[in-house]
Amino acid sequence: DFSRTPCELFVLEGSRLLLQPAHGFRWNSNDQHSSVGTNQPLMLKYEQSRELKERLRQHIAFGRDLRASRKQRDSERLLGLVSVGPDELAEELDKVEDPADPKAGCSTC
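Residues numbered from 1 in each chain as written. Predicted model: local features only at pLDDT ≥ 70, side-chain atom pairs only at ≥ 80, totals over all residues. Heavy atoms only, no water.

### Section: the overall build of the protein chain
Looking only at helices and strands, one finds 2 helices and 3 strands in the protein chain. Each helix and strand of the protein chain, ordered N terminal to C terminal, gives the series β-β-β-α-α. Taking all 109 residues of the protein chain together, the buried fraction comes to 21%. With the model as given, the accessible surface of the protein chain reaches about 8,900 Å², and the carbon-plus-sulfur share is 51%. (Helix = DSSP H or I, 4+ residues; strand = E, 2+ residues; numbered from the N terminus. Buried < 20%, exposed > 50% of the residue type's maximum accessible area, 1.4 Å probe, protein only. Areas by Shrake-Rupley, 256 points an atom, 1.4 Å probe, with all protein chains shown as cover.)

### Observations regarding the pairing of strand E1 (residues 7–12)
Bridge count for E1 against strand E2 (residues 16–21) is 6 bridges, and the pairing is antiparallel. The partner of Phe10 across the bridge, within E2, is Leu18. Count of turn residues in the E1/E2 antiparallel hairpin: 3 residues, of which Gly14 carries a positive phi of about 75 degrees. (Pairing = 2+ DSSP bridges.)

### Focus on the confidence of the model for the protein chain
Predicted confidence across the protein chain gives a mean pLDDT of 77, with 78% of residues reaching 70 or more. Averaged pLDDT values for the elements of the protein chain fall to 71 in helix H2 (residues 86–95) and rise to 87 in E2. (pLDDT = per-residue confidence, 0-100.)

Okay, structure coming up:
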């Protein structure tokens, strides 16, 4: 799960890939491999395949984006913000009185 640990991927000679936590990070304690809690790299052997390397890069990018999304959501939760879709926003705006409408009265009173 690349969303738990920021990773770097290096292509080495001899059909090998080196996968390791980004500088300053460790493998997440919820991972299921022998390097949990360390910054030890994982060596992967593969058949010559550009597709595998590209898919791993895509998975790492997806994990990075998912991690950023979680951080954003957690920040919003701490600030008491709520995410709403366009339909929900339109409904809420319809509930707000128009300050230009003289019948609406003072919005603070």
